[in-house]
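A closer look at the structure
What follows is the residue order along each chain.
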Amino acid sequence: MPLTPPAEPDPEPKMNWASFYAVISGVNRHSTGIGRIWLSVLFIFRILVLVVAAETVWGDEKSGFTCNTQQPGCNSVCYDHFFPISHIRLWALQLILVSTPALLVAMHVAHRRHVDKRLYKMSGRTNPKDLEQIKTQKMKITGALWWTYVISLLFRIVFEVIFMFLFYMIYPGYKMIRLVKCDSYPCPNTVDCFVSRPTEKTVFTVFMLAVSGVCILLNIAEVAFLVGKACGKHLHSAGDSTMGAWIQHKLHSF
Amino acid sequence: MSWPALYAQLVGANRHSTSLGKIWLSVLFIFRVMVLVVAAESVWGDEQSDFTCNTLQPGCENVCYDQFFPVSHIRLWSLQLVFVSTPTLLVSMYVAYRNHCDRRRLLQGQEEELETLKTRRLPIVGALWWTYFCSLVFKMLFEGSFMYVLYVVYDGFEMPRLVQCDQWPCPNLVDCFISRPTEKTIFTVFMATASSICMVLNLAELAYLVAKALNR
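Scoring rules and cut-offs
- Residues numbered from 1 in each chain as written.
- Chains lettered and ligands numbered in written order.
- Predicted model: local features only at pLDDT ≥ 70, side-chain atom pairs only at ≥ 80, totals over all residues.
- Heavy atoms only, no water.
- UniProt positions renumbered as here; feature names shortened; annotations may be inferred.
- Patch = residues over 30% accessible without salt bridge, like charges linked within 9 Å, V, L, I, M, F, W, Y side chains within 5 Å.
- Areas by Shrake-Rupley, 256 points an atom, 1.4 Å probe, with all protein chains shown as cover.
- Salt bridge = Lys/Arg side-chain N within 4 Å of Asp/Glu carboxyl O.
- Lys, Arg positive; Asp, Glu negative; His and termini not counted.
- Charge placed at Lys NZ, Arg CZ, Asp CG, Glu CD.
- Helix = DSSP H or I, 4+ residues; strand = E, 2+ residues; numbered from the N terminus.
- Buried < 20%, exposed > 50% of the residue type's maximum accessible area, 1.4 Å probe, protein only.
- Phe/Tyr/Trp six-rings, centres within 6.5 Å; stacked < 30°, edge-to-face > 60°.
- Lys NZ or Arg CZ within 6 Å of the ring centre and 35° of its normal.
- pLDDT = per-residue confidence, 0-100.

Chain B carries the name Gap junction protein in an unreviewed UniProt entry, which gives Cyprinodon variegatus as its organism. Word for word, the UniProt comment on chain B under Sequence similarities (unreviewed entry) is "Belongs to the connexin family."

The name recorded for chain A in an unreviewed UniProt entry is Gap junction protein, from Cyprinodon variegatus. Taken directly from UniProt, the Subunit (unreviewed entry) text for chain A runs: "A connexon is composed of a hexamer of connexins."

So, in structure tokens, the structure goes:
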């Protein structure tokens, strides 16, 4: 279920998530069904939510961070101490890194097409229609492409898990606290500093982590599906003669 | 004229690149331009408004900011990305020139030949090889120079929390605090890493071209 980009042109076109979607969704044609569901979940529940909602919640994270002191610089230093990297940037990096293994598959498909074209040309078939067909045909996920696909899925899972771990290390508990106490220089003593919109931030953090978990499950399911399909194919082709005879023998015995 | 326009230009030149060149283009646009636009620009967004000095003296903050940040990281990276992308345009200019010459020769020829001229992929031999080689050398030179400039201007890749400034009109030595120093350090290191990966890819492509030429 591909998303279509907005109809009216962006007044200030920039390199943003929409162009990123265009690049990544090109790979969609060679994915399994679960892969397409994963891509839609990624773009609707993660990127769209990030851009449309989460960025405004974290928009005033620094300007709304207030410390109970007039000492210049204390705000900045305490903010930096408690928020080494913002949730929004972590999620943006996570989404970029998690989407890129799909490009491995796209590169492999492009390479295969290139090889097929060469073979066609060498065998003498230079009909432009045949060459066009190579460009548009859907590649079957077998052989080396199967391995590339599974490796890209494993990379996706690893990146997701690494980021969830990083998140837990930097912000233990997933809950955004209302008040932090800070005594870094130049704050005179221990000062109370208040975080802006803590509950809303907690809600969005839990939402994004839940969707991240769902994406991990989808990736695991896709790996299991691919492995199952490959095993099934091997069993079917290897044991065809023996299985058939065994089944026949059993049926006759009834 | 913006990043997508540059991307469109480079993708056109991509057809004549090696596979390593295509990987380089993806790394450039996804891990550098995309991260710059989507994440880094918001981290540096309030770099001047949130630069606070421990003084009420008007003008002191402006002067100190200007002393410690002659050129912002974001602008340096944007310039770096523009400079690093342009040698590829050398290659597309050369291909366009070749096509123009060939088209003149074929002007008396058939329609189909003129069409295949536009869509054919030139093999990287002869003068095109040299153009491609020079473009790679220039790319590496620009990457290296910008990374060196960033390192020298900011004394390393780490952003300090506090800088001390005594430029006129600041009364004495004042403490000035930089906003989000840790996040800025993380992104500086990330962009430097991506830049090094691009340099390694260019080096590998150079080695591949030389090996291919020696083989021939």
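Anyway, onward from the coordinates.
All right, on to a positive patch on the surface then. Residues and elements named next belong to chain A. A cluster of basic side chains, namely R36, K138, K140, K229 and K233, defines a positive patch on the protein surface. Structurally, K140 is set in the loop between helix 6 (128-136) and helix 7 (144-170). Given the relative accessible area of 65%, K140 is considered exposed.

Under the defined criterion, the tally for this structure stands at 24 aromatic pairs over all chains. With centroids separated by 5.2 Å and ring planes inclined at 35 degrees, the aromatic side chains of Y79 of chain A and F83 of chain A adopt a geometry described as tilted. Overall, the relative accessible area of 1% leaves Y79 of chain A in the buried class. Look at F83 of chain A and you get buried, because its relative accessible area is 8%. An angle of 75 degrees between the planes, with centres 5.9 Å apart, marks the rings of W130 of chain B and F133 of chain B as edge-to-face. With W130 of chain B and F133 of chain B both in helix 7 (residues 127-153), this residue pair falls three residues apart, about one helical turn. Its relative accessible area of 54% is what places W130 of chain B among the exposed residues. Its relative accessible area of 21% is what places F133 of chain B among the partly exposed residues. Three or more aromatic residues link up through ring pairs in this structure, and these residues are W58, F65, Y79, F83, W91, F167 and Y171 of chain A. The side chain of R156 of chain A reaches across the aromatic face of W38 of chain A, ending 3.8 Å from its centre. It is K139 of chain B that lies over the ring of W24 of chain B; its NZ or CZ is 3.8 Å from the centre.

Now for the confidence of the model for chain B. Residue and element names in this part refer to chain B. Across chain B, pLDDT averages 88, with 94% of residues at or above 70. When mean pLDDT is compared element by element in chain B, helix 8 (residues 181-215) scores highest at 94, while helix 6 (residues 111-119) scores lowest at 64. If you check the scores for this complex, the pTM reads 0.85 and the ipTM reads 0.83.

Turning to the side chain of S195 of chain B, a few remarks are in order. When you line up the elements, S195 of chain B lands in helix 8. We classify S195 of chain B as buried; its relative accessible area is 1%.

Another aspect to go through is the UniProt feature "domain: Connexin N-terminal" (unreviewed entry) in chain B. Per the UniProt record, "domain: Connexin N-terminal" (unreviewed entry) is annotated on residues 42-75 of chain B. Measuring from the first to the last C-alpha atom of residues 42-75 of chain B gives 13 Å, for a span that is 41% helix and 6% strand.

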